[in-house]
Amino acid sequence: MLLSIHISKTAGNSFREALMESYGPDRVLRDYGDWTGFDEPFANKRRRERWEAMRARKDELIEKYDVIHGHFQADKYIGLFPQADFISFFREPAQQSISHWRWQSALTDRASDVNKEVHMEVRYWRELQPTVEEHLKWPFYRDHQSQFLGALPVEELAFVGLYEEYEKSIELFNAMFGRNLEVRRANVTLREATGDFEVTPEVRRLINKYRAADVELYAKAKEIFEAQCRKYGVTVAA
């Protein structure tokens, strides 16, 4: 089973579309709704309930699917399948945080139109309307990317992709898994398509303070990505 952890704003939508085209839409389970990356009591209770319900479907999952992709924490599926390859994309923490803040700010006003159940995250956003600096200080978002891995060390991922090296990441995935995924770009803002977001000194300070584990995680992810590229003959810029 391929377990593809979709961390917010790390090209996960693009990668999901490529996986569905390659494996077939009926063989890819889209597992969203756990409210992962949001460490808050009500969200944590919801996650536990959803985890138990999904783990009870083990035999069905093995029979029906080759890939599970979504906003889930790795712990949800650790030890569940006889063969499991966990994979994920990562992004430079400041860029990921700003992108998430911009996306959530835009989503808040229309969320109730597309979801029957409003995410707890959206409820907080509607009430507080945070600046990016305030968003980084919120305790339930601390080390947002790290929350998705849970107890799984990044070194144990079968494949590591980088948002900043998306095309090379797809090339690497194809080499590792014998697939022919195409490069897809979904849900990318104009700013993200043309360059990085500006990171002020204050935002950088807050990233280093409140997302220190994500900074360390991203550094390790880059090392693993580069090592995997060397092993599989994928050339990346020096």
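The preceding data block contains the structure.
The present account deals with the structure reproduced in this document. Treat the numbers as computed from the prediction; the structure is a model and nothing was measured.

## Some details on the overall build of the chain
Part 1 of the reasoning: In terms of helices and strands, the chain carries 12 helices and 5 strands.
Part 2 of the reasoning: Taken across its 238 residues, the chain has 50% of its residues classed as buried.
Part 3 of the reasoning: Considering only contacts within the chain whose residues lie at least 6 apart along the sequence, 75% involve residues at least 24 apart.
Part 4 of the reasoning: Of the roughly 11600 Å² of accessible surface on the chain, a fraction of 48% belongs to carbon and sulfur atoms.

## Considerations on helix H2 (residues 41-55)
Part 1 of the reasoning: Its 15 residues place the ends of H2 21 Å apart at the C-alpha level, agreeing with the 21 Å of an ideal helix rising 1.5 Å per residue.
Part 2 of the reasoning: Those residues of H2 that fall on the buried side of the exposure criterion are Ala43, Asn44, Arg46, Arg47, Trp51 and Met54. Across the axial projection of H2, the buried residues extend over an arc of 160°, all falling on one side. Facing away from the buried side of H2 by more than 90 degrees, the exposed set consists of Pro41 and Glu52.
Part 3 of the reasoning: On its buried face, H2 is in contact with strand S2 (28-30) and helix H3 (58-64).
Part 4 of the reasoning: One side-chain oxygen of the residue at the start of H2 lies 2.9 Å from the amide nitrogen of Phe42, identifying that residue as Glu40.

## Some details on the packing of aromatic side chains
Part 1 of the reasoning: Per the counting criterion, the structure on display carries 15 aromatic pairs.
Part 2 of the reasoning: Relative to Phe159, the ring of Phe15 has its centre 6.4 Å away and its plane inclined at 20°; by these criteria the two rings are stacked. Of the two residues, Phe15 is situated in helix H1 (residues 12-23) and Phe159 in strand S5 (residues 159-162); the sequence distance between them amounts to 144 residues.
Part 3 of the reasoning: Judged by relative accessible area, Phe15 falls into the buried class, the value being 2%.
Part 4 of the reasoning: Judged by its relative accessible area of 0%, Phe159 is buried.
Part 5 of the reasoning: Ring pairs connect the aromatic residues Phe15, Phe89, Phe159, Tyr166, Phe173 and Phe177, which therefore count as one cluster.
Part 6 of the reasoning: Here Arg91 stacks its cationic end above the ring of Tyr163, 3.7 Å away from the centre of that ring.
Part 7 of the reasoning: When the ring centre of Tyr23 is taken as reference, the NZ or CZ atom of Arg179 above it lies at 3.7 Å.

Basis of the calculations
- All residue numbers here refer to positions counted from 1 along the written sequence of the relevant chain.
- Local features are withheld for residues below a pLDDT of 70 in this predicted model, meaning they are given only at 70 or higher, and side-chain atom pairs are given and counted only at 80 or more; totals for whole chains, interfaces and linings count all residues.
- Side-chain measures here rest on the full set of heavy atoms in the structure, leaving out hydrogens and waters.
- In this text, helices come from DSSP runs of H or I with a minimum length of four residues, and strands from runs of E with a minimum of two, each type numbered from the N-terminal end.
- The cut-offs for exposure are 20% and 50% of the maximum accessible area for each residue type, with area from a 1.4 Å probe on protein chains only; residues under the lower value are buried, those over the upper are exposed, and the others partly exposed.
- Any two residues whose heavy atoms approach within 4.5 Å at even a single point are treated as in contact.
- Note on areas: these come from Shrake-Rupley sampling with a 1.4 Å probe, and a residue is covered only by the protein chains present in the view.
- By definition here, a helix of n residues has an expected span of 1.5 Å times n minus one.
- Taking the helix axis as origin, the arc is that swept by the directions to the C-beta atoms.
- Under the rule applied, a polar contact is a pair of N or O atoms within 3.5 Å (in protein, one hydrogen donor and one hydrogen acceptor; residues adjacent in sequence only if both atoms are side-chain atoms).
- Only Phe, Tyr and Trp rings take part, Trp by its six-membered ring, and two of them pair if their centres are within 6.5 Å. Stacked means planes under 30 degrees apart, edge-to-face means over 60, and tilted covers everything else.
- Remark: a charge is flagged as sitting over a ring if the NZ atom of Lys or the CZ atom of Arg is within 6 Å of the ring centre and within 35 degrees of the ring normal.

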